[in-house]
Amino acid sequence: MIQNNMFNTQGIQPLQMKSAIESKPSTPAETIQSFGTYLQNALGSVAAQETQAHEMSNQFLVGKANVDQVMIASEQALLSLQLTTQVRNKVVEAYQEIMRTQL
């Protein structure tokens, strides 16, 4: 079974009901920093998948890997890269739309 490891959901905890008094409101700087860390981790994961695909192709050339392993690693890297590109395109479109709005 092929799994996309770009967005790791293992560390996500289930939502819990908290009262407004218990939850500490995060500042915009904290929110931006956590989002930046999330993006950095996602891009690092894409880079790691591409590196793994290159290593698998090198192992195939030496005869240490099967063609199906190489194809799976290559397709995972390709799909992750395509997803990253589409997310980037949507962010750029949203930014351009915000810049076009007249106040």
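Reference entry: report on the structure contained in this document. (Residues numbered from 1 in each chain as written. Predicted model: local features only at pLDDT ≥ 70, side-chain atom pairs only at ≥ 80, totals over all residues. Heavy atoms only, no water.)

A separate point is the overall build of the protein chain. Scanning the protein chain from N- to C-terminus turns up two helices and zero strands. Counting only residues that meet the buried cut, the protein chain has 14% of its 103 residues in that class. A separation threshold of at least 6 residues defines the contact pool for the protein chain, and within that pool the share at least 24 residues apart is 69%. Accessible surface, the protein chain as shown: approximately 9000 Å² in total, 60% of it carbon and sulfur. (Helix = DSSP H or I, 4+ residues; strand = E, 2+ residues; numbered from the N terminus. Buried < 20%, exposed > 50% of the residue type's maximum accessible area, 1.4 Å probe, protein only. Contact = heavy atoms within 4.5 Å. Areas by Shrake-Rupley, 256 points an atom, 1.4 Å probe, with all protein chains shown as cover.)

This brings us to the pattern of salt bridges. Enumeration according to the criterion identifies two salt bridges in this entry. Across the pair R100 and E97 runs a salt bridge whose closest N-O atoms are separated by 2.9 Å. On the criterion of helical spacing, the pair formed by R100 and E97 is a turn pair, its members being three residues apart in helix α2 (residues 67-100). (Salt bridge = Lys/Arg side-chain N within 4 Å of Asp/Glu carboxyl O.)

Our next topic: the nonpolar core. Judged by nonpolar contacts, A53, M56, A65, V70, A73 and A77 together constitute the single largest core of six residues. Going through the elements one at a time, α1 (28-62) and α2 are the ones with two or more residues in this core. Ranked by residue count, the leading element in this core is α2, at three residues. Residues contacting M56, with those up to four places away along its chain left out, are A65, Q69, V70 and A73. (Core = buried A, V, L, I, M, F, W, Y, C linked by side-chain atoms within 4.5 Å.)

This brings us to a nonpolar patch on the surface. A cluster of nonpolar side chains, F60, L61, V62, V67 and M71, forms an exposed patch at the surface whose accessible area comes to about 530 Å². Counting residues per element, the nonpolar patch draws most heavily on α1, at three residues. (Patch = residues over 30% accessible without salt bridge, like charges linked within 9 Å, V, L, I, M, F, W, Y side chains within 5 Å.)

The subject of this paragraph is α2. The end-to-end C-alpha distance of α2, which contains 34 residues, comes to 49 Å, matching closely the 50 Å that a straight helix rising 1.5 Å per residue would cover. Buried within α2 we find V70, A73, Q76, A77, S80 and T84. On its buried side, α2 packs onto α1. (Expected span 1.5 Å × (residues − 1).)

Here we come to the environment of H54. The topology assignment puts H54 in helix α1. Considered as a pair, H54 and S74 are 20 residues apart in the sequence and their alpha carbons are 8.0 Å apart.

Between the first and last C-alpha of α1 there are 51 Å, a value that for 35 residues agrees with the 51 Å anticipated at 1.5 Å per step. Along α1, the residues that are buried comprise A42, S45, V46, Q49, A53 and M56.

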